[in-house]
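Structural overview for review
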Amino acid sequence: LFQVSLTLVVFITAKKLQIKYKSPLLNPILITILVVICFLLLSDIPYDDYKKNTMVISFWLAPSVIALGYALYNFMEEIKSDVKRILLAMFLGSLTGIVSVVGIAFLFGASKLTIISLAPKSVTTPIAIEVSRHMGGIFSLTVAFVIVVGIFGAVFGHAFLKIIGVKKAKAVGLSLGASAHALGTASISEK
């Protein structure tokens, strides 16, 4: 109970700080990960024990994907009016994400198993886990990269899009969604 409470309190506090100071560097997931790592190192608690004790939090990952579906349903008319462009953007964004990570990993001499594990890095965690398992990848490596990509996109994605001139809200949302999944899109939800 203490470990679940600690994780939630740190996340909520970091979220409030991010909203107050409007800084993408105060990403609540990044802050929570760093605080939990420090806590585990200082208290000498093995990660496997922490993971087992906080399963109630990770349990809610799959239902959160379903909740995203409900949110999309609320915008169905708007989606229908732009469906061709949305599908094209998602296809090209997904393809670019897969090809780039596979290409970079290949150029750096990564093993086939590592490349398979990295390929689904731009989709939300529950889906990436299933894709990685289905393809025979190392799902823990996949999860790590999904989190890193999401946090990187959440922290730097919006600023990068501004620099290259992407300003329309739909384009920003689709770009961050395709490259940094829910973490990227959540980073712009208060903007």
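Please refer to the structure placed before this passage.
These notes cover the structure that comes with them.

Examining a nonpolar patch on the surface
Judged by side-chain polarity, Leu8, Phe11, Ile12, Val56, Ile57, Phe59 and Trp60 come together as a nonpolar surface patch covering roughly 670 Å² of accessible area. Secondary structure elements with two or more residues in the nonpolar patch: α1 (2-21) and α4 (55-59). Here Ile12 is to be found in helix α1.

Some points on the packing of aromatic side chains
Inspection of every chain in the model, using the stated rule, returns three aromatic pairs. Taken together, a centroid distance of 5.8 Å and an interplanar angle of 55° make the contact between Phe2 and Phe39 tilted. With Phe2 in helix α1 and Phe39 in helix α2 (residues 28-43), this pair connects stretches of sequence that are 37 residues apart. Take Phe2: its relative accessible area is 56%, and that puts it in the exposed class.

So, the side chain of Lys121
In this structure, Lys121 sits in the loop between α8 (112-118) and α9 (125-135). One buried charge, Lys121, has no salt-bridge partner; the nearest side chain with opposite charge is Glu130, at 20 Å.

Notes on the packing of α9 against helix α10 (residues 139-163)
As a packed pair, α9 and α10 sit with axes 9 Å apart at the nearest point and diverge in direction by 145°. As for the relative orientation of α9 and α10, their crossing is right-handed in sense. The segment α9 lies against α10, with Thr125, Ala128, Ile129, Ser132 and Arg133 engaging Phe139, Thr142, Val143 and Val146. In the contact of α9 with α10, the residues fall into five nonpolar, three polar and one charged.

What counts and what doesn't
Residues numbered from 1 in each chain as written. Predicted model: local features only at pLDDT ≥ 70, side-chain atom pairs only at ≥ 80, totals over all residues. Heavy atoms only, no water. Patch = residues over 30% accessible without salt bridge, like charges linked within 9 Å, V, L, I, M, F, W, Y side chains within 5 Å. Areas by Shrake-Rupley, 256 points an atom, 1.4 Å probe, with all protein chains shown as cover. Salt bridge = Lys/Arg side-chain N within 4 Å of Asp/Glu carboxyl O. Helix = DSSP H or I, 4+ residues; strand = E, 2+ residues; numbered from the N terminus. Phe/Tyr/Trp six-rings, centres within 6.5 Å; stacked < 30°, edge-to-face > 60°. Buried < 20%, exposed > 50% of the residue type's maximum accessible area, 1.4 Å probe, protein only. Lys, Arg positive; Asp, Glu negative; His and termini not counted. Axes fitted to C-alpha atoms, helices over the stretch in contact; angles between N-to-C directions. Left-handed = near helix turned anticlockwise from the far one by under 90°. Contact = heavy atoms within 4.5 Å. Nonpolar A, V, L, I, M, F, W, Y, C, P; charged D, E, K, R; others polar.

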